[in-house]
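Listed here are the chains, written in short residue letters.
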Protein chains: 2
Amino acid sequence: MEPGFYSRRQFLQQLSVNAGITIIGMEGISMFSTLEMAEAAEPAGIIESAPQALAAEVPRKLGIALVGLGQYAGGQLAPALKETEACYLAGIVTGSPNKARQWKRQYNIPDGNIYNYDNFDSIKDNPDIDIVYVVLPNALHAEYVVRAAKAGKHVICEKPMAITVEECDRMIAACKEAGKMLSIGYRLHFEPHNLQMKQLGQNKVYGEIKKIKAYNGMGDAQGWRLDKKLAGGGPLMDVGIYCVQGVRYTSGREPIAVTAKEGPKTDPVKFASVEQSLTWQMEFADGMIAECRTSYSEEMNLLRAEAERGWFELSPAYPYSGIRGKTSDGPMKLPQVNQQARQMDDFAIAVRSDRPTPVPGEMGRQDVKILQAIYKAMETGQRVEI
Amino acid sequence: MEPGFYSRRQFLQQLSVNAGITIIGMEGISMFSTLEMAEAAEPAGIIESAPQALAAEVPRKLGIALVGLGQYAGGQLAPALKETEACYLAGIVTGSPNKARQWKRQYNIPDGNIYNYDNFDSIKDNPDIDIVYVVLPNALHAEYVVRAAKAGKHVICEKPMAITVEECDRMIAACKEAGKMLSIGYRLHFEPHNLQMKQLGQNKVYGEIKKIKAYNGMGDAQGWRLDKKLAGGGPLMDVGIYCVQGVRYTSGREPIAVTAKEGPKTDPVKFASVEQSLTWQMEFADGMIAECRTSYSEEMNLLRAEAERGWFELSPAYPYSGIRGKTSDGPMKLPQVNQQARQMDDFAIAVRSDRPTPVPGEMGRQDVKILQAIYKAMETGQRVEI
């Protein structure tokens, strides 16, 4: 459909993934001819023995439709989809005719790929749309993921996956039944500094981790995020979830129990239906402890692991850009990337090559399970096993 | 048994791994009480609700017997076994009564745990020995791994695993039949800088890798390493194998074909039965190329990946200590570790908790397969598919 979107190497790689074909591309040949060989080596024979590349159709970029054109879709995902190599912004789903007109113009989206919430299910007949990305308020995730799966589309769902574990189960089941892949929008699994935390922690580079501190708070939450019916909770659901994730990928372990305590409400009107701030602790079978905090009225941004022979941390740890890290040996020197572009490209390549996503629905479900346990601990004042 | 070798945390961790028991240790409790809690939080409830640790037997360190007391066993493994936490030097197997006396004295090894190559098989009756570590010349690996497995012991085998793929198959089959674990002595899978290369490469932190350069050479090879019957080949078998491994773990991919060229012999007497140096190239399905060199008459030590958006390298890459790394963003800041201690502890923990080793026999077999293809390419002058 979109020939020419792929570099020759990407094409060859994808072809080999899809078809299991053994290919030596032309780049390989030209690389060989310019190898900085040892004085003793003689590359001529190599060039002569390399086969020619096969001719084949270039695979098209997969089309993504964004469902819900809020701040994250407009500010992050749509711009990222200009940098993706394996997928592109093919369609939108919105309840606002104004937004539809604006996005159509800004992103050159054909009328046939613009849906509202009433006619959304007819997306099943649209071959341009391979992947539906649900970016709606949390309480609507389950419905739209299930509808997308029933429409025969692969699905990305923003975090938190849903507001109950039962919803997560229905979402996973629906995608499984449809034979479609489901991933959660955990962009930090594609971010170099967070990957580094995972590497250092899971490989025990500084020995066993004894304690993790994970804090994530923002001072300016607005809109549906303050409405428990839509958000399923307060800052824990929206930003505290990064702490849960961070602890899980840094340690490679699962908490066995949680305790939690709600912070005071300095603005009881704004925070009428959700917590304003929350501190909680996660316990692990080996004695490791994670100390976590979240807030909608205080900026905090930290992921720090303290291990037997050193420490490693990100501060800030979770923003869209500008993440910085250091260890007890010195600063991390790692590149900044477009997290959302990497995340969506990885899912598109996973779909195309039929390999698992590293951020599947099951991962999202486990986070929701932990979040629910934290709320239960907060409400009861009791330690809650997971 | 050796009660007291384990810290309380290690004990709790191991217990939970072995028994699937949910435990909150005393450390957890004391950590909670000293948490730097948010002002709003109140830890008292947490302390009261934490259960007491269970009483249980502390697991003992696993006993390792070294088979073959050469330079690597004496210079690296035995000293490392003084730093291990999950295993210890319990026995030795040597053909030299002099060495037996010397090691017995130096490492306090009881007479009952000292074997020679004739009575080696009776090690099956020795409950002190859980793991046999084969550190013999390459051509003897297969025999002793098979005999160790038949004696009911878990096995670590030094690299290269063997000198033919058929031997590797027999070794894997023998351990499988005995229900024992087999790992290869790939210490760099436990070394922070090499783990970092793997992380940066496999997660595509700098995009797709286009080229890898892997050079490993030493100037002072001696003894059985120069005897093709015992070593199975020259520098490729002993040090070039690190290049093959480095390319594999940095890229996460498998070569599809190789070309190779032997270097000139400046000392044809010393290198009568093996190559003095060798350059080879490995081709990958996506067009990536690995350029490799090895030598017994030139010091070289490099692992460098050139990717779409940057590069990352170790120089030196493969020594027992002093590995240093940098990327196009700056120096890697990572700790130095005792590689062999980490490697052996990891295997002991894998055995105890019945989880797979990250460096299994199958990994060693694939390297041997590639090494054999490189020799075939060297001898025929042809490109050899793998």
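Residues numbered from 1 in each chain as written. Chains lettered and ligands numbered in written order. Predicted model: local features only at pLDDT ≥ 70, side-chain atom pairs only at ≥ 80, totals over all residues. Heavy atoms only, no water.

If you look chain A up in an unreviewed UniProt entry, it shows as Gfo/Idh/MocA family oxidoreductase from Chitinophaga lutea.

(A) Structural detail: the overall build of chain A. When its secondary structure is counted, chain A shows 12 helices and 15 strands. Put simply, chain A has 386 residues, and 61% of those count as buried. Of the roughly 15000 Å² of accessible surface on chain A, 49% is carried by carbon and sulfur atoms. (Helix = DSSP H or I, 4+ residues; strand = E, 2+ residues; numbered from the N terminus. Buried < 20%, exposed > 50% of the residue type's maximum accessible area, 1.4 Å probe, protein only. Areas by Shrake-Rupley, 256 points an atom, 1.4 Å probe, with all protein chains shown as cover.)

(B) Quick look at the nonpolar core. Core analysis: the biggest nonpolar cluster contains 161 residues, and A:Trp280, A:Met282, B:Trp280 and B:Met282 have the highest contact counts within it. Setting aside residues up to four positions removed in sequence, A:Met282 forms contacts with A:Val244, A:Val247, A:Pro255, A:Ala257, A:Val258, A:Met288, A:Ile289, A:Ala290, A:Cys292 and A:Ile370. (Core = buried A, V, L, I, M, F, W, Y, C linked by side-chain atoms within 4.5 Å. Contact = heavy atoms within 4.5 Å.)

(C) Broad picture of the pattern of salt bridges. Taken as a whole and assessed by the stated rule, the structure comprises 42 salt bridges over all chains. In this structure, A:Arg248 and A:Asp367 form a salt bridge, with 2.6 Å as the shortest nitrogen-oxygen distance. Of the two residues, A:Arg248 is situated in helix 10 (residues 235-251) and A:Asp367 in helix 12 (residues 361-380); the sequence distance between them amounts to 119 residues. Classification of A:Arg248 as buried rests on a relative accessible area of 12%. Here B:Asp111 ties to B:Lys104 by a salt bridge, and the two come within 2.9 Å at their closest N and O atoms. One network of salt bridges, in which partners are shared, links A:Lys204, A:Glu208, A:Arg253 and A:Asp286. (Salt bridge = Lys/Arg side-chain N within 4 Å of Asp/Glu carboxyl O.)

(D) Molecular detail of the packing of helix 10 (residues 235-251) of chain B against helix 12 (residues 361-380) of chain B. Residue and element names in this part refer to chain B. Closest axis-to-axis distance for the helix 10/helix 12 pair is 10 Å, and the angle between their directions is 115 degrees. By the angle between their axes, helix 10 is roughly perpendicular relative to helix 12. Handedness of the crossing formed by helix 10 with helix 12: right-handed. Contacts from Leu 236, Met 237, Ile 241, Val 244, Gln 245 and Arg 248 of helix 10 reach helix 12 at Met 363, Gln 366, Asp 367, Ile 370, Leu 371, Ile 374 and Tyr 375. (Axes fitted to C-alpha atoms, helices over the stretch in contact; angles between N-to-C directions. Parallel < 35°, antiparallel > 145°, perpendicular 65-115°, else oblique. Left-handed = near helix turned anticlockwise from the far one by under 90°.)

(E) Representation of helix 12 of chain B. With 20 residues, helix 12 of chain B should reach 28 Å at 1.5 Å per residue; the first-to-last C-alpha distance of 28 Å fits that figure. Residue B:Gly381 follows helix 12 of chain B closely and has a positive phi angle near 75 degrees. (Expected span 1.5 Å × (residues − 1).)

(F) Fine view of unusual backbone geometry. The step from A:Lys159 to A:Pro160 runs through a cis peptide bond, and the omega angle for that step is -10 degrees. You can see A:Pro160 is positioned in the loop between strand 5 (154-157) and helix 7 (165-178). Positive phi, close to 60 degrees, is recorded for B:Asn108, a residue that is not glycine. Looking at the element boundaries, B:Asn108 is found in the loop between helix 5 (97-107) and strand 3 (114-115). Note on B:Asn108: relative accessible area 69%, which makes it exposed.

(G) Seen up close, the sheet that holds strand 10 (residues 289-295) of chain B. Residue and element names in this part refer to chain B. The strand order across the open sheet formed by 9 strands is 14-13-12-11-7-10-9-8-15, and the pairing between neighbours is mixed. A strand with exactly one partner marks an edge of an open sheet, and here the two such strands are strand 14 (330-331) and strand 15 (384-385). As judged from the 3 bridges shared by strand 12 (residues 310-314) and strand 13 (residues 325-327), these two strands associate in the antiparallel manner. Counterpart to Leu 314 in the pairing with strand 13 is Gly 325. Sitting on the sheet, helix 10 is in contact with strand 7 (209-217), strand 9 (277-283), strand 10, strand 11 (300-307) and strand 12, with an inclination near 155 degrees to strand 7. Helix-sheet contacts for helix 12 involve strand 8 (257-262), strand 9 and strand 15, and the interaxial angle to strand 8 is about 55 degrees. (Pairing = 2+ DSSP bridges.)

(H) How the structure looks around the side chain of B:Arg147. All names here are of chain B. Take Arg 147: it is sitting in helix 6 (residues 141-150). Since its relative accessible area comes to 16%, Arg 147 is described here as buried. Of the polar contacts made by the side chain of Arg 147, one reaches the side chain of Tyr 144; its length is 3.2 Å. Other than its neighbours up to four places away in sequence, Arg 147 contacts Tyr 117, Asp 118, Phe 120 and Asp 121. (Polar contact = N/O pair within 3.5 Å; in protein donor to acceptor, adjacent residues only side chain to side chain.)

(I) Structural context of the packing of aromatic side chains. Counted under the stated rule, the structure contains 12 aromatic pairs over all chains. Look at B:Trp103 and B:Tyr107: their rings are 5.1 Å apart centre to centre, the planes differ by 45 degrees, and that puts the pair in the tilted class. Of this pair, B:Trp103 and B:Tyr107 are both found in helix 5, 4 residues apart, which corresponds to roughly one turn of the helix. An identical accessibility class is assigned to B:Trp103 and B:Tyr107; each is buried. Connected via pairs of aromatic rings, a cluster forms that spans A:Tyr117, A:Phe120 and A:Tyr144. (Phe/Tyr/Trp six-rings, centres within 6.5 Å; stacked < 30°, edge-to-face > 60°.)

(J) Spotlight on the state of the cysteines. All names here are of chain B. Evaluation of the coordinates by the stated rule reveals 0 disulfides over all chains. We note that Cys 292 lacks a disulfide partner, and the nearest cysteine sulfur, in Cys 243, lies 5.3 Å from it. Cys 292 sits in the buried class, given a relative accessible area of 2%. (Disulfide = S-S within 2.5 Å.)

(K) Region of the structure containing the sheet that holds strand 3 (residues 114-115) of chain A. Residue and element names in this part refer to chain A. Taking strand neighbours across the sheet as the criterion, the 6 strands line up as 3-2-1-4-5-6 in an open arrangement whose pairing is parallel. Strands at the two margins of the open sheet, each flanked by one partner only, are strand 3 and strand 6 (182-184). Alignment of strand 5 against strand 6, held across 3 bridges, turns out to be parallel. Each bridged residue has a counterpart across the sheet, and for Val 155 the counterpart in strand 6 is Leu 182.

(L) Structural detail: helix 5 (residues 97-107) of chain A. Residue and element names in this part refer to chain A. Along helix 5, the residues classified as buried are Ala 100, Trp 103 and Tyr 107. Down the axis of helix 5, the sector holding all buried residues measures 75 degrees, keeping them to one side. Turned more than 90 degrees away from the buried face of helix 5, the exposed residues are Pro 97, Asn 98 and Arg 105. Considering only its buried residues, helix 5 is in contact with strand 1 (62-67), helix 4 (71-80), strand 2 (87-93) and strand 3. Asn 108 sits one or two residues past helix 5 and shows a positive phi near 60 degrees. (Arc of directions from axis to C-beta.)

(M) Just the pairing of strand 9 (residues 277-283) of chain A, in detail. Residues and elements named next belong to chain A. The buried fraction of strand 9 amounts to 7 of the 7 residues, a majority that puts the element mostly inside the structure. Judged by which residues are buried, strand 9 turns out to be covered on both faces: Ser 277, Thr 279, Gln 281 and Glu 283 on one side and Leu 278, Trp 280 and Met 282 on the other are all buried. With 7 bridges connecting them, strand 9 and strand 10 (residues 289-295) associate as antiparallel partners. The partner of Trp 280 across the bridge, within strand 10, is Cys 292. The antiparallel hairpin formed by strand 9 and strand 10 contains 5 residues in its connecting segment, where Gly 287 sits at a positive phi of about 100 degrees.

(N) Main features of the confidence of the model for chain A. Looking at chain A, the pLDDT average stands at 88 and 85% of residues meet or exceed 70. A low-confidence stretch, residues 1-55 of chain A (pLDDT under 50), is modelled with 109 contacts involving residues beyond four sequence positions or located in other chains. (pLDDT = per-residue confidence, 0-100.)

(O) Region of interest: the environment of B:Cys157. Residue and element names in this part refer to chain B. Mapped onto the elements of the fold, Cys 157 is located in strand 5 (residues 154-157). Assessed through its relative accessible area of 0%, Cys 157 is described here as buried. Residues Cys 157 and Gly 361, spaced 204 residues apart in sequence, show a C-alpha to C-alpha distance of 8.5 Å. For Cys 157, the contacting residues outside a window of four places in its chain are Tyr 133, Val 134, His 141, Val 145, Met 171, Leu 182, Ser 183, Ile 184 and Gly 185.

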